[in-house]
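What the coordinates show
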Amino acid sequence: MDVMPKWAEVVLVPLISLLLAAIISALVILAIGEDPVAATKLMVEGAVGSVRGWGYTLYYATNFIFTGLAVAVAFHARLFNIGGEGQAMLGGLGVALALLFIPWPHWTIGLIAAALGAAVFGAAWALIPAYLQARRGSHIVITTIMFNFIASALLIYLLNEFLKPVGQADPSSARFADHLDLPTLNSVLTGMGIKASKDDSVNVTFLIALASAVAVWVLMWRTRLGYEIRAFGHSESAAKYAGINPVRITVITMLISGGLAGLMGVNTVMGESEKLLLNSTEGAGFIGIAVALMGRSHPVGVVIAAILFGFLYQGGAELALWTSIPRELIVVIQALVILFTGALDNMVRMPLERMFLTARLRRAPGPERKPAEPAK
């Protein structure tokens, strides 16, 4: 029987962890001679205080939703996919190849092709570590970390030797055709009759990210495959006894995880830069680990946590632009959030469990007492 109610597990524990991270962050800002209240106000105004701020916050959140979902799916099978960075890089390569060499007539068809290319390339990059884990016992953490570096080296080679236009010094591909530009989110809402302010940072990939979150929820809690993935994650021996093939589940889970991470390339390559760049992922693959941890590997939690980290990214950029606070301090704040929501989770969870257990025992009825026998 669970000691804590579900709402406390999902809401209260992460909220207290965030408050602790915010308090420590305020002390760090105070220690470097800055006003934490003014810094917080500037972050809030820069990230969610304007249409432009919201646009960039949701742009970053889109990346983190994809990588967070990728890590979350793997977590359910007790697989630690730390290779989202490399899978997102190869997903971007799949987007570029799909859009550079095939003349799609419209952005809608190009978007479908780009999404398929991103998912296939991301999944393919996760396939080898999955096979090595399932068949050879190679630890998934080690192999996926190695594949991050291999992906980076491969991308550098392909950009410089094949994809870079002749005479161009910048290691990037040619720009995609103008008619393949993705519409911004405000133009989609305006077309639906919803009045929206103009912002060019967040594009329709955000809607794809939300749809992916819904699809992951359906997969994990409404399909047989999702049940098998979760059963395998809870107990491999019990899953094998029930007839679940561990090799099959490991490979399929990592393919889904890699495909989700690869989809991030649609946002960064097709939606933002409109060409393939060297460092378009910008660490989003690793942030996805923190997003999955904070979101408790649930799609709704992942979306909320991704928006929070999008807020930190955009708010941090505003801090670095308008104050003397270095951008690296935002990395410190992110690290504190990860520390309290991940590594120090039990520091918050255990006192809450004792508190709820004590409250439950106090409410529980005492043992029935027999009436005393009359004295003889």
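I will try to describe carefully the structure that is included in this document.

Each value, and the rule that gives it
Residues numbered from 1 in each chain as written. Predicted model: local features only at pLDDT ≥ 70, side-chain atom pairs only at ≥ 80, totals over all residues. Heavy atoms only, no water. Salt bridge = Lys/Arg side-chain N within 4 Å of Asp/Glu carboxyl O. Helix = DSSP H or I, 4+ residues; strand = E, 2+ residues; numbered from the N terminus. Buried < 20%, exposed > 50% of the residue type's maximum accessible area, 1.4 Å probe, protein only. Expected span 1.5 Å × (residues − 1). Arc of directions from axis to C-beta. Contact = heavy atoms within 4.5 Å. Axes fitted to C-alpha atoms, helices over the stretch in contact; angles between N-to-C directions. Parallel < 35°, antiparallel > 145°, perpendicular 65-115°, else oblique. Left-handed = near helix turned anticlockwise from the far one by under 90°. Patch = residues over 30% accessible without salt bridge, like charges linked within 9 Å, V, L, I, M, F, W, Y side chains within 5 Å. Areas by Shrake-Rupley, 256 points an atom, 1.4 Å probe, with all protein chains shown as cover. Core = buried A, V, L, I, M, F, W, Y, C linked by side-chain atoms within 4.5 Å.

**Considering the pattern of salt bridges**
Going through the model one piece at a time under the given rule, you end up with five salt bridges. With its nearest N and O atoms 3.9 Å apart, the salt bridge here joins Lys275 to Asp170. Residue Lys275 is found in the loop between α12 (264-273) and α13 (284-294), and its partner Asp170 is found in the loop between α6 (140-163) and α7 (185-191); the two are separated by 105 residues along the sequence. Here the salt bridges share partners, and the residues they tie into one network are Arg224, Glu228 and Arg248.

**Concerning the environment of Gly258**
Note on placement: Gly258 falls in helix α11 (residues 246-262). Taking relative accessible area as the criterion, Gly258 reaches 0% and is therefore assigned buried. Separated by 140 residues in the primary sequence, Gly258 and Ala118 place their C-alpha atoms 9.6 Å from one another.

**Regarding helix α15 (residues 328-343)**
Here α15 contains 16 residues, and its C-alpha end-to-end distance of 21 Å stays within 8% of the 22 Å for a straight helix at 1.5 Å per residue. Burial in α15 covers these residues: Leu329, Ile330, Ile333, Gln334, Leu336, Val337, Phe340 and Thr341. Down the axis of α15, the buried side of the element spans an arc of 155 degrees, and every buried residue falls inside it. Opposite the packed face of α15, turned more than 90 degrees from it, sit the exposed residues Glu328, Val331 and Ala343. Against the buried residues of α15 lie α1 (6-31), α2 (36-48), α13, α14 (299-322) and α16 (345-363).

**Examining the packing of helix α5 (residues 107-136) against α11**
The interhelical angle for the contact between α5 and α11, taken along N-to-C directions, is 150 degrees, at an axis separation of 7 Å. One element, α5, and the other, α11, form an angle in the roughly antiparallel class. The crossing of α5 and α11 is right-handed. Contacts from Ala118, Ala119, Gly122, Ala123, Ala126, Leu127, Ala130, Gln133, Ala134 and Arg135 in α5 reach Val247, Thr250, Val251, Met254, Leu255, Gly258, Gly259 and Gly262 in α11.

**Concerning the environment of Trp107**
By the element assignment, Trp107 lies in helix α5. On a C-alpha basis, the gap between Trp107 and Val11 in space is 39 Å, while along the polypeptide they are 96 residues apart. Here Trp107 is in contact with His179, Leu180, Asp181, Leu182, Pro183, Val204 and Met270, once residues within four sequence places are set aside.

**A short note on a nonpolar patch on the surface**
Where nonpolar side chains cluster on the molecular surface, the patch consists of Ile23, Ile24, Leu27 and Leu30 and spans about 370 Å² of accessible area. Along the chain, Ile23 turns up in helix α1.

**Observations regarding helix α3 (residues 51-76)**
Its 26 residues give α3 an end-to-end C-alpha distance of 36 Å, which sits within 8% of 38 Å, the value for a rise of 1.5 Å per residue. The buried fraction of α3 is high, at 21 of 26 residues. Within two residues after α3, Arg78 carries a phi angle of roughly 60 degrees, on the positive side.

**What to know about the nonpolar core**
Across soluble globular proteins, you tend to see nonpolar side chains buried next to one another. Counting residues in hydrophobic clusters, the biggest one holds 94 residues, and the most contacted among them are Phe64, Val95, Val266, Leu276, Val291 and Phe309. Looking at which element gives the most residues to this core, the answer is α3, with 13 residues. Discounting residues that sit within four places of it in the chain, Val95 has contacts with Ala114, Gly117, Ala118, Gly265, Val266, Val269 and Met270. If you look at the next biggest cluster of nonpolar residues, it comprises six residues, including Ala8, Val13, Val348 and Phe356.

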